[in-house]
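Single-letter residue listing:
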Amino acid sequence: MLSGVFTTAIMAPGERIKCLLQIQAASGEVKYAGPMDCVKQLYKENGIRGIYKGTALTLMRDLPASGMYFMTYEWLKNLLTPAGKSHNELSIPSILFAGGMAGVFNWAVAIPPDVLKSRFQTAAEGKYPNGVRDVLRELIREEGMASLYKGFTAVMLRAFPANAACFLGFECAMKFLNWLAPSL
Ligand SMILES: CC(=O)O[C@H](CC(=O)[O-])C[N+](C)(C)C
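The rules behind the values
- Residues numbered from 1 in each chain as written.
- Predicted model: local features only at pLDDT ≥ 70, side-chain atom pairs only at ≥ 80, totals over all residues.
- Heavy atoms only, no water.
- Helix = DSSP H or I, 4+ residues; strand = E, 2+ residues; numbered from the N terminus.
- Buried < 20%, exposed > 50% of the residue type's maximum accessible area, 1.4 Å probe, protein only.
- Contact = heavy atoms within 4.5 Å.
- Areas by Shrake-Rupley, 256 points an atom, 1.4 Å probe, with all protein chains shown as cover.
- Lys, Arg positive; Asp, Glu negative; His and termini not counted.
- Charge placed at Lys NZ, Arg CZ, Asp CG, Glu CD.
- Core = buried A, V, L, I, M, F, W, Y, C linked by side-chain atoms within 4.5 Å.
- Near = heavy atom within 4 Å.
- Polar contact = N/O pair within 3.5 Å; in protein donor to acceptor, adjacent residues only side chain to side chain.
- Nonpolar A, V, L, I, M, F, W, Y, C, P; charged D, E, K, R; others polar.

Caption draft 1: Structural view of the overall build of the protein chain. Check the secondary structure of the protein chain and you find six helices and zero strands. The secondary structure elements of the protein chain, listed N-terminal to C-terminal, are α-α-α-α-α-α. With the C-alpha coordinates of the protein chain rotated into their principal frame, the extents come out at 60 × 40 × 30 Å. Evaluated residue by residue, the protein chain yields a buried proportion of 36% over its 184 residues. If you take every contact in the protein chain between residues at least 6 apart in sequence, the share linking residues at least 24 apart comes to 72%. Just so you have it, the protein chain exposes about 11,100 Å², and 68% of that area is on carbon and sulfur atoms. Between the mean site of the 19 positive side-chain charges and the mean site of the 14 negative ones, the protein chain shows a separation of 1 Å.

Caption draft 2: Spotlight on the environment of Gly50. Looking at the element boundaries, Gly50 is found in helix α2 (residues 35-51). Separated by 15 residues in the primary sequence, Gly50 and Ala65 place their C-alpha atoms 25 Å from one another. Contacts of Gly50, omitting those with residues within four sequence positions, involve Arg16 and Leu42.

Caption draft 3: Here's a closer look at the nonpolar core. Counting 15 residues, the largest nonpolar core has Trp107 and Leu116 as its most contacted members. Breaking this core down by element, the ones donating at least two residues are α3 (55-80), α4 (92-122), α5 (132-143) and α6 (152-180). If we ignore the near neighbours within four places in the chain, the residues touching Leu116 are Leu57, Val132, Val135, Leu136, Leu139 and Leu148. Counting residues in hydrophobic clusters, the runner-up holds eight residues, among them Tyr69, Tyr73, Leu76 and Ala102.

Caption draft 4: Representation of the site of the ligand within the structure. Near the ligand you find Arg61, Asp62, Ser66, Tyr69, Asn106, Trp107, Arg158 and Asn163, and these make up its full shell. In the model, an oxygen atom of the ligand is placed 3.2 Å from a nitrogen or oxygen of the Asn106 side chain. Here the ligand, which alone exposes 370 Å², has 82% of that area covered by the protein. Elements supplying a minimum of two residues to the shell around the ligand: α3, α4 and α6. Looking at the shell around the ligand residue by residue, the classes come out as two nonpolar, three polar and three charged.

This is the structure we're talking about:
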């Protein structure tokens, strides 16, 4: 979970810029010429607060999601390691499965705060004076509870292969580094 705190410091402004550019592309109206221009304009309009808008919601997403992510991966690794063997001897399909499922469980808890975060980060200034409570109230009133899981299929279609590949890369890098410097 602690990893979620560190990633949020970098992720929060990145998420804000990504979401604003995504809705700009969908609207067809050009306000920002690109990511750097977006940062410049946000800073000019509202200072550093404008760039970091949505940090609390990014934390609400990444803290539990990161805990779920690494817990699922380690749990599945333990489960899939044959008796008497070490975790380092896990087969490639098992690593891919554990990594893919870590991504799926990560997003199962991350989607609702992600939906709220994206709405908040792309809303006009002052639209939600009470922050997340206002976004949640409006979303449930106008679009129902199920809207908290908007984008579920697209997110899950990415989550499994992306994180399977990510953990396979991690395990390969660890093997390589242990081979390079076995005593470290
Ligand atoms: C929300 C997010 O970035 O999730 C990461 C996995 C993914 O599919 O991008 C995991 N983690 C939060 C640990 C970085």
